[in-house]
Amino acid sequence: MTDTDNSQPSGMTKRSFLQSVGMIGGTAAVMTALQGWEMGFASEMDRPPEMSTDGKGKKVIILGAGLAGMVLAFEMAKKGYKTQIIEALDYAGGRCVSARKGSVIEEVGSEKQVCNFQDGNYVNYGPWRIPAEHKSTIYYCRTLGVPLEVMVNKTGKSYYYYENKEGPFKGVPIRQEHADIDFKGYSTELLAKVADQGALDQLISQEDKEMLLTHLKRSGLIDSKEFNYRANRARGHSSYPGAGTNFGKLSEPYEMADVLSIANASRNETADHPAVMFQAVGGMDQIAQGLKRALKKSQIRYNSEITDIVQDDNGVKVTYKNTKNGRVRSEEADYLISTAPLGVMQKIKINLSEDMAAAIKATSGSPACKIGVEFNHRFWEQNDMIYGGVTSTDIPGHRILSYPSGNLFGSAHGDTGVILGYYPIGGQSVPISNLSMAERTEFALSVGEKIHPGNYRKYFTGESISVAWHKMKYALAGWENWSRRGRTRSFPVMQKGDNRIFISGNIASPALGGWMAGAIEGAWSTMEVIDKRVAQQG
Ligand SMILES: Cc1cc2nc3c(=O)[nH]c(=O)nc-3n(C[C@H](O)[C@H](O)[C@H](O)COP(=O)(O)OP(=O)(O)OC[C@H]3O[C@@H](n4cnc5c(N)ncnc54)[C@H](O)[C@@H]3O)c2cc1C
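Remember, it's a predicted structure, so these values are computed and weren't measured experimentally.

**A short note on the overall build of the protein chain**
What the protein chain contains, in helices and strands, is 14 helices and 24 strands. Rg of the C-alpha trace for the protein chain: 26 Å, near the compact-globule value of 24 Å for 538 residues, within the 12% margin. Seen through its principal axes, the protein chain has C-alpha atoms that stretch 80 × 65 × 40 Å. Here the protein chain holds 538 residues, and 44% of them are scored as buried.

**Let's talk about the domain arrangement of the protein chain**
Assigned domains within the protein chain: domain 1 (40–92 + 286–362 + 482–537), domain 2 (104–158 + 274–283 + 366–471) and domain 3 (174–266). Put simply, the middle of domain 2 and the middle of domain 3, counted by C-alpha atoms, are 34 Å apart. Taken together, the contact between domain 2 and domain 3 spans four residues of the former and five residues of the latter. The residue makeup of the side of domain 2 that touches domain 3, split by class, is no nonpolar, three polar and one charged.

**With respect to the site of the ligand**
Gly64, Gly66, Gly94, Pro127 and Gly505 are the nearest of the 42 residues found near the ligand. Put simply, the parts of the chain that give the shell around the ligand at least two residues each are helix H2 (67–78), strand E12 (304–312) and helix H14 (516–537). Top contributing element to the shell around the ligand by residue count: H14, with four residues. For the shell around the ligand, the domains that each give at least three residues are domain 1 (40–92 + 286–362 + 482–537) and domain 2 (104–158 + 274–283 + 366–471).

**A look at the packing of helix H3 (residues 135–143) against H14**
Where H3 contacts H14, the two axes come as close as 8 Å, and the packing angle between them is 85°. Between H3 and H14, the interaxial angle falls into the category roughly perpendicular. From H3, Ser136, Thr137 and Tyr140 reach across to H14, where they touch Met516, Ala517, Ile520 and Glu521. Class assignment for the residues of the contact of H3 with H14 results in four nonpolar, two polar and one charged.

**A word on the environment of Pro147**
On the secondary structure map, Pro147 appears in the loop between H3 and strand E5 (148–152). Pro147 sits in the exposed class, given 11 other C-beta atoms within 10 Å.

So, how was this worked out
Here the residue numbers are simple positions, counted from 1 along each chain's written sequence. With the structure being a predicted model, the display of local features is reserved for residues of pLDDT at least 70 and the display and counting of side-chain atom pairs for 80 or more, all residues being used for whole-chain, interface and lining totals. Secondary structure elements follow DSSP: runs of H or I no shorter than four residues count as helices, runs of E no shorter than two count as strands, and numbering proceeds from the N terminus. All radius of gyration figures rest on C-alpha atoms, and the globule criterion is 2.2 Å times the number of residues raised to 0.38. With C-beta atoms placed from the backbone, a residue counts as buried when 20 or more other C-beta atoms lie within 10 Å of its own, as exposed when 12 or fewer do, and as partly exposed for counts between those limits. Segment limits for the domains were obtained from an automatic or database-derived domain assignment. By the criterion used throughout, residues are in contact when their C-beta atoms, derived from the backbone, lie within 7 Å. All residues other than Ala, Val, Leu, Ile, Met, Phe, Trp, Tyr, Cys, Pro, Asp, Glu, Lys and Arg, Gly among them, are scored as polar; the first ten of these are nonpolar and the last four charged. Should the C-beta atom of a residue, placed from the backbone, lie within 6 Å of a molecule or strand, that residue is near it. Axis angles are defined between N-to-C directions and span 0 to 180 degrees, where every axis is a line fitted to C-alpha atoms and, for a helix, only to the segment in contact. With respect to orientation, any angle under 35 degrees is reported as roughly parallel, any angle over 145 as roughly antiparallel, any angle of 65 to 115 as roughly perpendicular, and every other angle as oblique.

What follows is the structure, given as structure tokens:
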């Protein structure tokens, strides 16, 4: 979409229009305008919004010490609100969490797991990658001093592995650079040939056709006379060049029909899943830890599950239960902001209006599973030249295997590392989550061994840790999705709040569902809505 897209008021650029909307209606209005254009507002939000008023000492209880809850507590306290987070778990971060030595994972109805990875090893079993365009996430990392490093999301050396497609690639790991470049090479060949034969003459001018052909020939993928795709340096070598007269040998492309049979492998990555992404050094939970450090200790009350919320025109009363000793307490405030996923919130007894009660049922939760598998030798680097990146498979319930981008070459803490052994999402993850922990590990090992035969089992340390997010009591899903109808009908009801109760967190950013940026920017938009209310009504 261009800056002069005609779905916006004439004579204004998109940016100036959004600035005007923001001045009048705040973040929430900007978000609504952007949703009208079917785009997220992340790219426009790179810092917390300026608020119109001070908090006038109003007390706000925040349900949940995930990223959204902590952003709310931090930013609203700066503005003179009294903020108190009440958190059911014994740690801050919610879904922004990593497992390392000593971490405990307890799913509902599954065995309790205690992570026993070697020092320095971890797995991000929640968020694991940040794109450059998530300025809001990067804003907090920068301002709170949480170091980020490159997360290699795509490497040509990783594999595609298909065993449910007939043909020569069935059950054979193939390098992504080979499949991707062959697909591009054959596409280049076909385009050059049809352009040369005049098939595009009705579509482009003679001058543009010549420029197109020049560009295609310069790609190095096709020969300049017949336009046939051929071995090339982008695809790389089967025997590597070296000193003296060793010029190596270029690898031979696969057959076109074979490449087309797995064409869906070499799809374009989206702008929010580029090859180079970012991660927090030492584990993504460091972002949550950064926010926690920015708060006063007393601002988070742990092990406290909110069970009842009662509101009237003057305020809100919250009842919570200590999850360790069962003691029940209550606390009153002017406002309550819930950052719990909606599936969890539905289990709390609350006197909501009919519209709001319906709105919080409008999303659907997406199941998601992950496993971290530990190895005592970085064979994927030393044997396969794979440094970070993701291998994709078509094995039901598996989907991907991702190599660690930290401790590359074993330079930080030795020749050891944790591979993300599978990451199914949606319905595919349910059968996996029904397995015992030992069966889940065996499933991950059996797939890994097909991709790295002779190594995957050999170097496994015996330690793994897995999670099924839809079985975690205070998440009940990896994330939640809004339907198109839910976005237009229920979301606006939820966004404006219900008397003294507001709903925030990742769920408040439909365009950024399943991203930390959604939690952060959701918090920003909610605090603006409350701030306006306080300015108007007190
Ligand atoms: C598998 C997976 C992969 C992901 N990958 C990425 C990624 O690569 N990049 C990215 O940017 N994002 C990713 N995300 C998304 C990101 O982790 C979330 O959007 C974000 O952490 C949500 O933060 P939140 O504060 O909105 O919610 P939460 O973190 O869920 O916080 C809610 C808090 O409320 C607490 N709570 C719930 N019920 C109660 C109750 N009754 N009483 C008291 N407390 C309660 C919970 O314990 C929790 O701490 C991923 C998430 C998952 C699960």
